[in-house]
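This is what each chain is made of:
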Amino acid sequence: MRIGFALVGIGILALAGWGLSLLTAGPSAEVADRALVANRAFNVVLKEKGELRAAKSTDISCEVEGRSTIIKLIPEGTAVKEGDVLVELASAEIEDKIRQSELKEANSIAALEAAQADLQIQQDKNNSDIRKASLEVTLKSIDLEKYREGEWMQKLRDAEIAIEQAEVDLERRQEDFLASQKLFEKGYTTRAENEDAEFRKRKAAWDIEKAKMAKVVLENYTDKADRAKRESDVEEAKKDLDRVAASAKAQEAQKTAAAEGKTKELELIQAELAKLRTQHEKCRIVAPTQGFVVYAGSGGSGRRFFMSAEEQIKEGATVFERQMLMQLPDTSVMNAVVRVHEAKTDKLRSGQKAVVTIEGIPGRTFPGEVTKIAVLADSQSSWLNPDLKEYETEITLDATDVPLKPGVTAHAEIHVQTVEDVVTIPVQSVYSKGGKRYVFRDTKRGPEYVEVSLGAVGTEWAEVKSGVEAGDQVLLALNEDLKRTLPEAQAGERGPGGTQRGRGGPRGGQAGGPGMNAPARGPAGGKGDVRGGPPGAIVQVVSPKPEAGEKDKTTTDGAAASDENKKPEGQPPKEKAASPSSSGTTP
């Protein structure tokens, strides 16, 4: 009995002690490790994952028009030298077209030779006709000149001589008549003889009139008619020459056009034949340089995963013109190609140093530097997450004796800047709520939250510009009671990142600028919280005080970012931010 009462007493004391512990437990309970705020130097780096690619690579594409079937294919990974056969495509159809084109070429050559012969005959005939017409013009011109300078002058002189002869004859006849008149008066001649002498005198006068009239007719009519006829003959001969020349030109142009048409037809056939022969040659693809074979779609980006069985490069596959079949990478210079989120691209600069580690080569690092930053975002994965914008960045590795192959996964650390002698705190000591940054400073009164302003953020340390000073102690881990002491955000208030905090709805707001932490989600109609701040800041996100029956949530930015790509399509993605194990950036 005494033993029973003793046990009951011990139980009561135990319960009283447990209750007292509950009453005395407060914000200072379960406090984990602390860290000293001090001046330090640290590096700001970007940690990204990508793959190796050859800096120089020769693309091997199908250059045969239309679609072709691969009948022979060199195995992937084979080391080749210049001139080695890589791919053979089916060429039976092209060979049939070549034979048909050769027959067309022979017929076209015969037609062209006939057209050229017709043209030569027409040119000879035209030259002959033109010479005849030109000779006729010359003869008519000479006849006109002969009339003007010879015949006309001769006829005119004949008419003048006829008049002079008639005048002389008239004078003689008058003298004869006078003499006969005197003799008749003296009775030496008869009347008949006298009348005959008078008649001859009158006839001589008539001859003068006739000769003068003949000259008038010659000058006024005969000369004009003869001159006009001969001039007309010359003009007609010239026109006939022009007609013959025009006709010859037209006929020659027609024959020339026919010959040129046959020439162009032959050229087209020969061009088509040459093209077919070139296409036939391109059915056998040889290596333009040395290298080893990498099929199109190979590599670490999962491109082949999305290719259908028909699209994969293999024997029997159908390929089309300009389709890339394979690559011959030159592995003497290699690039590590990574994709950097748009929130971090403002930190990238060409020439930045980087260190690359390659999976499958443990214990080795490969130095290099950033040589190229894409101007446009890579849209390769946009169909999975349309809101994800990443920029392809190339890091050229320094020369190495280690044989590297393209497509291997690579991890790059890009050195952004080195921060010297600044007040720093551990990144895991920073908490975010309501778009503001807080740390819990250890004081004599116990832990108390302090709002801080951050500068550069690295993988382990963050620069603090205000809020705590060197020598302070900050807590690295908290219990849930301490987290709930952080102040609630006011409706309409904006955080450091330029984001607005509101109430209501499953999300309670929208994400702010680049690098903002993902919003903690409350129940429908509950308090929403949107965090903003330095891009890529590594902080812990504290959700608002949960409603009754709802579990309290505390996440880190890294955790929010890890869930980013797990969201199904159609939901707004959380913006990516860094975690203590991920990259750090400068705000």
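Residues numbered from 1 in each chain as written. Predicted model: local features only at pLDDT ≥ 70, side-chain atom pairs only at ≥ 80, totals over all residues. Heavy atoms only, no water.

Trainee: Quick rundown of the nonpolar core? Include the residues and the values.
Mentor: Within the largest apolar cluster, 26 residues are counted, with the highest numbers of intra-cluster contacts made by Leu52, Ala336, Val356, Ile395, Leu397, Leu404 and Ile414. Residue contributions to this core peak at six residues, all from strand 14 (residues 409-426). Once residues within four sequence positions are removed from consideration, Leu397 is found in contact with Leu52, Met334, Ala336, Val356, Phe366, Pro367, Gly368 and Leu404. Among the nonpolar cores identified, the runner-up in size contains 25 residues, and Ile74, Ile98, Ile313 and Val319 belong to it. (Core = buried A, V, L, I, M, F, W, Y, C linked by side-chain atoms within 4.5 Å. Buried < 20%, exposed > 50% of the residue type's maximum accessible area, 1.4 Å probe, protein only. Helix = DSSP H or I, 4+ residues; strand = E, 2+ residues; numbered from the N terminus. Contact = heavy atoms within 4.5 Å.)

Trainee: Describe in detail the pattern of salt bridges, supporting the description with residues and values.
Mentor: Evaluated as defined, the whole model comprises 40 salt bridges. Note that Lys125 and Asp129 form a salt bridge whose closest N and O atoms lie 3.1 Å from each other. Taken as a pair, Lys125 and Asp129 lie in helix 2 (residues 92-186) at a separation of four residues, close to a single helical turn. Given a relative accessible area of 27%, Asp129 falls into the partly exposed group. For Asp226, the salt bridge goes to Lys155, with nearest N and O atoms at 3.5 Å. You can see Asp226 sitting in helix 3 (residues 191-282) and its partner Lys155 sitting in helix 2, a full 71 residues away along the chain. With a relative accessible area of 19%, Asp226 lands in the buried category. The exposure class assigned to Lys155 is partly exposed, which follows from its relative accessible area of 33%. What you see here is one network of salt bridges that share partners, running through Glu51, Arg53, Arg339, Asp378 and Glu392. (Salt bridge = Lys/Arg side-chain N within 4 Å of Asp/Glu carboxyl O.)

Trainee: Explain a nonpolar patch on the surface to me, using residue names and the numbers behind them.
Mentor: On the surface, a nonpolar cluster with roughly 390 Å² of combined accessible area is contributed by Met213, Val216, Val217 and Tyr221. Counting through the fold element by element, Val217 comes out in helix 3. Assessed through its relative accessible area of 36%, Val217 is described here as partly exposed. (Patch = residues over 30% accessible without salt bridge, like charges linked within 9 Å, V, L, I, M, F, W, Y side chains within 5 Å. Areas by Shrake-Rupley, 256 points an atom, 1.4 Å probe, with all protein chains shown as cover.)

Trainee: Give a description of the packing of aromatic side chains that names residues and reports values.
Mentor: The final tally for this structure, using the stated rule, is four aromatic pairs. Judged by centre distance (6.3 Å) and plane angle (80°), the rings of Tyr431 and Phe440 are edge-to-face. Phe440 shares its class with Tyr431; the two are buried. Ring centres of Phe440 and Tyr449 lie 6.5 Å apart, and the angle between their planes is 75°; this geometry places the pair in the edge-to-face category. (Phe/Tyr/Trp six-rings, centres within 6.5 Å; stacked < 30°, edge-to-face > 60°.)

By themselves, these are just geometric observations and shouldn't be taken as functional.
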